[in-house]
Amino acid sequence: MATIFKIAKAVVDNKEVSTEKKSIKNKQRVLALSSRGINYRQRHLLNDLEALLPHFKKDSKLDTKFKLGVLNELAELNNCNNCVFFEVRKRRDLYMWTSKTPNGPSIKFHIQNIHTMDELKMTGNCLKGSRPILSFDKNFESEPHLILIKEVFTHIFGVPKGARRSKPFIDHVVSFTIADNRIWFRNFQIVEKDPTDPNKKANDKDVSLVEIGPRFVLNIIRIFEGSFCGATVYANPEFITPNQIRHSINIQKAARYNKRKMAQRKRQLKIANIEMSEDSTNEINGED
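The sections below set out a description of the structure shown in this document. (Residues numbered from 1 in each chain as written. Predicted model: local features only at pLDDT ≥ 70, side-chain atom pairs only at ≥ 80, totals over all residues. Heavy atoms only, no water.)

1. What about the overall build of the protein chain?
Part 1 of the argument: If you tally the helices and strands in the protein chain, you get six helices and 11 strands.
Part 2 of the argument: Classification of the 288 residues of the protein chain by burial places 36% in the buried group.
Part 3 of the argument: Contacts in the protein chain between residues far apart in sequence, at least 24 positions, make up 67% of those at least 6 positions apart. (Helix = DSSP H or I, 4+ residues; strand = E, 2+ residues; numbered from the N terminus. Buried < 20%, exposed > 50% of the residue type's maximum accessible area, 1.4 Å probe, protein only. Contact = heavy atoms within 4.5 Å.)

Here it is, written out as structure tokens:
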């Protein structure tokens, strides 16, 4: 009797384990916040991302820019296992941190060429809270650090089924394309045409894409082993800081200014020499 009871209990336990395995869900929640000193365009970009991705949780601005380990605690308090942090330097340079909290990895990007939805004024429109299709360039499979970035982006920008505030529809595509050693972010609406439309032409496609926005470019800086800390796994050798770019531009401007001033001095000296030679000839002619 005891043997039969043990066998029956083992069968029930196996069923419970199998049901638990079947009920496993993709629970991805993202904490989104920024540092102090963010301007209106950068703030609108963060709001656009929050509107597009319903599993984002927006938090208040972070006061510190150096002790970023606090973000792991904030993510834990908000029950989030991903974090997107906008770090602003000198009120003009925007950096984006993406991290898998609390163990990592974390990636630091420099954001360039920001265009928000309000600026673009595209004709496309999608349902707020709908789930996107993630489209990655084939170059993401070419190098190990790009494979890691693709996996992190899949967890952050991929809205899981049944997420908070999400709708059971898929009507837009989030595209990540690699060009010029940078990642280009684009968002498109999926437009389906009515097959019974009398104005439809034979060459018209049933499905087309219309850009919505926002759009921006991500320049990879570093990949860290931990969450906002740890050893450097990858460093972009082609990355040049905005300070160095501005410094080189100022040097070029200073060189052009010095060249122009030298030309003005040479011209003034030439005019003075001509006037002195004329005066000396006049004096000689007067003595004669």
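Okay, back to it.
2. What about the nonpolar core?
Part 1 of the argument: The biggest cluster of nonpolar side chains holds 40 residues, and the ones touching the most others in it are Phe-86, Phe-109, Ile-111, Ile-149, Phe-153, Phe-176 and Ile-183.
Part 2 of the argument: Among the elements that make up this core, the one with the highest residue count is helix 5 (residues 144-157) (six residues).
Part 3 of the argument: Beyond its immediate chain neighbours, meaning those up to four positions away, Ile-183 contacts Phe-109, Phe-140, Ile-149, Phe-153, Phe-176, Thr-177, Ile-178, Phe-216, Val-217, Leu-218 and Ile-220.
Part 4 of the argument: Formed by 12 residues, the second largest nonpolar core is a distinct cluster that contains Leu-33, Leu-62, Leu-68 and Trp-97. (Core = buried A, V, L, I, M, F, W, Y, C linked by side-chain atoms within 4.5 Å.)

3. Some thoughts on a negative patch on the surface
Part 1 of the argument: A cluster of acidic side chains, namely Glu-275, Glu-278, Asp-279 and Glu-283, defines a negative patch on the protein surface.
Part 2 of the argument: For Glu-283, the location among the structural elements is in helix 6 (residues 242-287).
Part 3 of the argument: Taking the relative accessible area as the measure of exposure, Glu-283 reaches 55% and is therefore exposed. (Patch = residues over 30% accessible without salt bridge, like charges linked within 9 Å, V, L, I, M, F, W, Y side chains within 5 Å. Areas by Shrake-Rupley, 256 points an atom, 1.4 Å probe, with all protein chains shown as cover. Salt bridge = Lys/Arg side-chain N within 4 Å of Asp/Glu carboxyl O. Lys, Arg positive; Asp, Glu negative; His and termini not counted. Charge placed at Lys NZ, Arg CZ, Asp CG, Glu CD.)

4. Some details on the pattern of salt bridges
Part 1 of the argument: Following the criterion strictly, the structure yields eight salt bridges and no others.
Part 2 of the argument: As a salt-bridge pair, Arg-215 and Glu-211 come within 2.8 Å of each other at their nearest N and O atoms.
Part 3 of the argument: Take Glu-211: its relative accessible area is 13%, and that puts it in the buried class.
Part 4 of the argument: Through salt bridges with shared partners, one network takes in Arg-186, Glu-211 and Arg-215.

5. Describing a nonpolar patch on the surface
Part 1 of the argument: A cluster of nonpolar side chains, namely Ile-240, Ile-245 and Ile-249, defines an oily patch on the protein surface of about 240 Å² accessible area.
Part 2 of the argument: Position of Ile-245 among the secondary structure elements: in helix 6.
Part 3 of the argument: For Ile-245, a relative accessible area of 38% translates into the label partly exposed.

6. Let's talk about helix 5
Part 1 of the argument: Across its 14 residues, helix 5 extends 20 Å between first and last C-alpha, which sits within 8% of the 20 Å expected from 1.5 Å per residue.
Part 2 of the argument: Restricting attention to buried positions, one finds in helix 5 the residues His-145, Leu-146, Ile-149, Val-152, Phe-153, Ile-156 and Phe-157. Along helix 5, the residues classed as buried sweep out an arc of 120° about the axis, all on the same side. (Expected span 1.5 Å × (residues − 1). Arc of directions from axis to C-beta.)

7. Description of the pairing of strand 6 (residues 130-136)
In regular strands, side chains alternate between the two faces of the sheet.
Part 1 of the argument: Where strand 6 lies against strand 7 (residues 167-179), seven bridges are found, and the strand directions are parallel. Note on strand 7: the bridge partner recorded for Arg-131 is Ile-170.
Part 2 of the argument: Handedness of the crossover joining strand 6 and strand 7 through helix 5 is recorded here as left-handed. (Pairing = 2+ DSSP bridges. Right-handed = clockwise from strand over helix to strand, strands pointing away.)

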